[in-house]
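One letter stands for each residue in the lines below.
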Amino acid sequence: MTIATSPQYKPDWITIAFMVSLHAAALLAFLPSNFSWPAVGLALFLHWVTGGLGITLGYHRLVSHRSFEAPKWLEYFLVFCGTLACQGGPIDWIGLHRLHHQYSDQDQDPHDSTKGFWWSHLGWMLFHTPADEQIPRFTKDIADDPVYLFFQKYFLVIQVIFGLLLYLIGGWSFVVWGIFFRVVVMFHCTWFVNSATHKFGYQTYQSGDASRNCWWVAVVTYGEGWHNNHHAFQYSARHGLQWWEIDLTWMTISLLQALGLAQKVKLPPANAEAQRI
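Residues numbered from 1 in each chain as written. Predicted model: local features only at pLDDT ≥ 70, side-chain atom pairs only at ≥ 80, totals over all residues. Heavy atoms only, no water.

1. Focus on the environment of S254
Stated formally: Working definition: helices are DSSP H or I runs of at least four residues, strands are E runs of at least two. Numbering for both runs from the N terminus. Burial here depends on accessible area, computed with a 1.4 Å probe over protein chains only, as a share of the maximum for the residue type. Under 20% is buried, over 50% is exposed, and the range in between is partly exposed.
When you line up the elements, S254 lands in helix α11 (residues 248–258). On the basis of relative accessibility, which here comes to 27%, the residue S254 falls in the partly exposed class. Each C-alpha atom of the pair S254 and R238 lies 9.4 Å from the other, and the pair is 16 residues apart in sequence.

Right, dumping it as structure tokens:
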């Protein structure tokens, strides 16, 4: 029995339609009439704001793993940036990510890489899976927060309002590049952490799963590609642990720490070398 025919996995037709429509809309960026250098620059800037600050720094290192502490206003700002990445509400994202670490590369892992590259990259989101029911168990610390609940409920509405704002500022090309193209590219960059970094690269530490350090994923995700390091030391704010493992998000955390906006920054334990393979 395949995943697609398993009674545990029912197709999520709303998500399927959303993904197909968004990818089709992203192709509009390649029409000459929609191209402009300011629009491309906007897409690159928003890739960093929504992916680097929002998903990597906010959703992941700050909230999912609490690898450092920050003022609540800064936490909410970073979560807002993550909401603009349109990768679902923050409660769902954080809950599924914590579940992934609890059961990495096991059957309970929502994007278990042993089920194949495309399942871990994209397929898992196109079905209702048993993992969805486990989200409340992993999000008790944020489940009643009114700000998180607002972003969880209205993340699509926020994206539409943001698109209208971009249209007023720069016209249709800003919407195509700043919303459709940027969101789809950010999708795949984030998904590569689930798929490519469990297949390509090298393992430095014993992590009990297939996680690997993959340099090119680190480039497009602001340091998240040093995935084996992360799985070995999940609560470390720093993922790039060797001098050549460039971790832009760690640099950002270091800057926040210097400014007094990041406290209790967690790093690998003193005996980390004992976990080397």
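Back to the text.
2. Some words on the UniProt feature "transmembrane region" (unreviewed entry) in the protein chain
How we decide: UniProt positions are given in the numbering used here, feature names are shortened, and annotations may be inferred rather than shown by experiment.
Annotation from UniProt places "transmembrane region" (unreviewed entry) at residues 12–31, 37–59, 147–168 and 174–193. Helix makes up 70% of residues 12–31 and strand 0%, whereas the separation of the span's terminal C-alpha atoms amounts to 31 Å. In residues 174–193, helix accounts for 100% and strand for 0%; the two terminal C-alpha atoms are 28 Å from one another.

3. Concerning the packing of aromatic side chains
For clarity, the threshold we go by: Each aromatic pair joins two rings of Phe, Tyr and Trp (for Trp, the six-membered one) with centres within 6.5 Å, and gets the label stacked for planes under 30 degrees apart, edge-to-face for over 60, and tilted for any other angle.
In the structure shown here, the tally under the stated rule is 18 aromatic pairs. Relative to W118, the ring of F117 has its centre 5.2 Å away and its plane inclined at 85 degrees; by these criteria the two rings are edge-to-face. Between the aromatic rings of Y205 and F233, the centroid separation amounts to 5.0 Å while the plane-to-plane angle is 75 degrees, which identifies the pairing as edge-to-face. Residue Y205 is found in the loop between α8 (172–194) and α9 (215–220), and its partner F233 is found in the loop between α10 (227–232) and α11; the two are separated by 28 residues along the sequence. Residue Y205 shares its accessibility class with F233, and that shared class is buried. Members of the aromatic cluster, joined through ring pairs, are F30, F35, W37, W177 and F181.

4. Points about unusual backbone geometry
Even without being glycine, R66 reaches a positive phi, approximately 50 degrees. Its place among the elements puts R66 in the loop between α2 (37–64) and α3 (72–83). The class for R66 is partly exposed, based on a relative accessible area of 27%. Of note, C86 is a non-glycine position whose phi angle comes to about 60 degrees, a positive value. According to the relative accessible area criterion, C86 is buried, its value standing at 5%.

5. Some points on the packing of helix α4 (residues 90–102) against helix α7 (residues 146–170)
Short version of the rule: In this description, a line fitted to the C-alpha atoms serves as the axis of each element, helices being fitted only across the stretch in contact, and the angle between N-to-C directions of two axes falls anywhere from 0 to 180 degrees. Orientation is classified from the angle alone, with under 35 degrees giving roughly parallel, over 145 giving roughly antiparallel, 65 to 115 giving roughly perpendicular, and any other angle giving oblique. Contacts were defined at the residue level, with two residues in contact if any of their heavy atoms lie within 4.5 Å. Three classes are used: nonpolar for Ala, Val, Leu, Ile, Met, Phe, Trp, Tyr, Cys and Pro, charged for Asp, Glu, Lys and Arg, and polar for all others, with Gly counted as polar.
One can describe the packing of α4 onto α7 by two numbers: an axis separation of 7 Å at closest approach and a directional angle of 100 degrees. Considered as vectors, α4 and α7 are oriented roughly perpendicular to each other. From α4, P90, I91, D92 and I94 reach across to α7, where they touch Y148, L149, F151 and Q152. Residue composition of the contact of α4 with α7, grouped by class: six nonpolar, one polar and one charged.

6. Thoughts on the side chain of H230
Going by this rule: Polar contacts, as counted here, are pairs of nitrogen or oxygen atoms within 3.5 Å of one another; within protein the pair requires one atom able to donate a hydrogen and one able to accept it, and residues that are adjacent in sequence qualify only if both atoms are side-chain atoms.
In this fold, H230 is placed in helix α10. Looking at H230, the relative accessible area reads 1%, which means it is buried. Side-chain polar atoms of H230 contact the side chain of H65, separated by 3.2 Å. Excluding its chain neighbours within four sequence positions, the residues that come into contact with H230 are H60, H65, H97, H101 and H239.

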